[in-house]
Amino acid sequence: MIERINDNILIGRGQRLYSLDTFKTLACFMVVLLHYPIDGVIGVYLAALARIGVPFFFLVSGYFSYTEMYDQSRHIKRIKKYLFLLVGITAVYWFKDIARMAFGRITFADFLSSNFTWEFLILHIGSSGFMWFVRALLYIELLHMLLHKYLDSPKMKYVLVGLWIADILLIKYSFIFGFTIPQPYNEILTKMFGTAFLYYYIGRYIRHFANECSTKSFNVFRVIALMTVFVLLNFTEVYVLDNYLINQMPANYIMTFFLTVFIFLILLRYCNLGKGSIINFVGKDLSMYVYYWHVLVGMMMGSICSRIHIPEILYSNVITVFLASCLFGYVIFIVKRKFMVQKVRR
């Protein structure tokens, strides 16, 4: 995902993947867009396109997690990190809910129903639901420690293709077979297996087996042409499902897969994209904070701005929340850097 452990990884002959850091900024914007959607038809299609954001982070995590030799200590280190993040960030959001209870905004029953259901305990669905990402990474690390000999096998490509097809048929297009998997089971399945496991191990597979030169035949014109085709196909899929069929929970469209993997491969090809830009800085150093804290930032802005009668449209929108989250993340980044400098001096 947006891990600091991944920021300085080199590939090939000492090349940094600036492009992945740069695209993290857009992927974070997509995540914020899903939580602060744009109204109207345009918003529907943009939200569908934004579904590539979280799969992209799993691709990045999987890609950089791969090492030629199995190293159990690295997995244990990541597990400790994910546990720390889960406990720390969840505690902050719980404190936010407790404060809302104190001011009569929610009841104790609301607090319990958001934070102590079995789906929350399994995959963080409920309060601070975006943290399911970290919960899934934790499960993947535990699974990899048990089955690493099989999960990095060349035959995994068949498992991954089968998993993608199963997710599409059993979740998104299950109405074809006359059934639907109810909530929250469908959400748990599509997030854990159709998103987390699938894209994480695609990332590892690309790092392990794919030829790094395989995308060199794509010049800028071909990239733009193919990207246009994929986006139009994605919009067509959304239109058909919304207007003629049934759009089961709006995640993991068929074209989500092709768009995400294609963009990732192209970013590997154009590895210097965004180098030295502010967008690259945001993706490299701030995206982690934007992802974790954008919901809290949005709620704080809403609470303050509503009290001073600022029109809601000015603060409760994806652009304002994203920029405010970047600023919030930058403050954390500066404070953390100063703390590390002082610690080194001591």
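As a convention, each chain's residues are numbered from 1 in the sequence order in which they are written. In keeping with the predicted nature of the model, local features appear solely for residues at pLDDT of at least 70, side-chain atom pairs appear and are counted solely at 80 or more, and the whole-chain, interface and lining totals rest on all residues. Computation of side-chain values: all heavy atoms of the structure, hydrogens and water removed.

## Concerning the layout of surface pockets
Part 1 of the argument: Here a cavity means grid points, on a 1 Å grid over the protein atoms only, where a 1.4 Å probe fits yet cannot get out; a pocket means an open set of points with protein on both sides within 12 Å along at least five of seven lines; lining residues are those with an atom within 4 Å of a point. Grid points are joined across faces, edges and corners, and a volume is the space filled by probe spheres set on the points. Approximately 590 Å³ is the volume attributed to the largest pocket.
Part 2 of the argument: Surrounding the largest pocket, 28 residues form its lining, His-35, Arg-51, Trp-132, Glu-187 and Lys-191 being those nearest its centre.
Part 3 of the argument: We count a stretch as a helix when DSSP gives it H or I for four or more residues in a row; a strand needs E for two or more, and each element gets its number in order from the N terminus. Broken down by element, the residue count for the lining of the largest pocket peaks at four residues, all from helix H9 (residues 185–209).
Part 4 of the argument: Each residue is assigned to one of three groups, with Ala, Val, Leu, Ile, Met, Phe, Trp, Tyr, Cys and Pro labelled nonpolar, Asp, Glu, Lys and Arg labelled charged, and all others, Gly among them, labelled polar. Split by residue class, the lining of the largest pocket holds 14 nonpolar, 10 polar and four charged.

## Describing the side chain of Asp-285
Part 1 of the argument: Tracing the sequence through the fold places Asp-285 in helix H12 (residues 278–307).
Part 2 of the argument: Since its relative accessible area comes to 8%, Asp-285 is described here as buried.
Part 3 of the argument: A polar contact of 3.4 Å, which involves the side chain of Asp-285, links it to the side chain of Lys-284. Accessibility here uses a 1.4 Å probe with only protein chains present; expressed as a share of the type maximum, an area under 20% marks a residue as buried, one over 50% as exposed, and anything in between as partly exposed. In protein, a polar contact means a hydrogen-donor-capable atom and an acceptor-capable atom, both N or O and within 3.5 Å, with residues adjacent in sequence counting only if both atoms are side-chain atoms; elsewhere, any N or O pair within 3.5 Å suffices.

## A short note on the nonpolar core
The tendency in soluble globular proteins is for nonpolar side chains to be buried side by side.
Part 1 of the argument: Phe-56, Phe-58, Ile-202, Phe-264 and Tyr-292 are the most contacted members of the largest nonpolar core, which totals 94 residues.
Part 2 of the argument: For this core, the element with the highest residue contribution is H12, accounting for 12 residues.
Part 3 of the argument: Contact criterion: two residues are considered in contact whenever any of their non-hydrogen atoms come within 4.5 Å of each other. Residues in contact with Phe-56, not counting those within four places in the same chain, are Leu-20, Phe-23, Lys-24, Ala-27, Thr-260, Phe-264 and Leu-267. As used here, the term nonpolar core means buried Ala, Val, Leu, Ile, Met, Phe, Trp, Tyr and Cys residues forming a set that is joined through side-chain atoms within 4.5 Å.

## Some remarks on the environment of Asp-242
Part 1 of the argument: Tracing the backbone through its elements, the reader meets Asp-242 in helix H10 (residues 220–243).
Part 2 of the argument: Overall, Asp-242 belongs to the partly exposed group, its relative accessible area being 40%.
Part 3 of the argument: The spatial distance from the C-alpha of Asp-242 to the C-alpha of Val-220 is 33 Å, given a sequence separation of 22 residues.
Part 4 of the argument: When neighbours within four sequence positions are excluded, Asp-242 is seen to be in contact with Val-44 and Asn-247.
Part 5 of the argument: Within the structure, the side chain of Asp-242 is placed 2.8 Å from the side chain of Asn-247, a separation counted as a polar contact.

## Description of helix H4 (residues 72–102)
Part 1 of the argument: Here, expected helix span is obtained from the residue count minus one, scaled by 1.5 Å. Its 31 residues place the ends of H4 45 Å apart at the C-alpha level, agreeing with the 45 Å of an ideal helix rising 1.5 Å per residue.
Part 2 of the argument: On its buried face, H4 is in contact with helix H3 (53–65), helix H5 (108–115), helix H6 (118–123), helix H7 (132–151) and H12.
Part 3 of the argument: One or two steps after H4, the chain reaches Gly-104, where phi turns positive at roughly 75°.

## Section: the environment of Phe-209
Part 1 of the argument: Structurally, the position occupied by Phe-209 is in helix H9.
Part 2 of the argument: A sequence separation of 57 residues divides Phe-209 from Asp-152, and the C-alpha atoms of the two residues are 9.7 Å apart.

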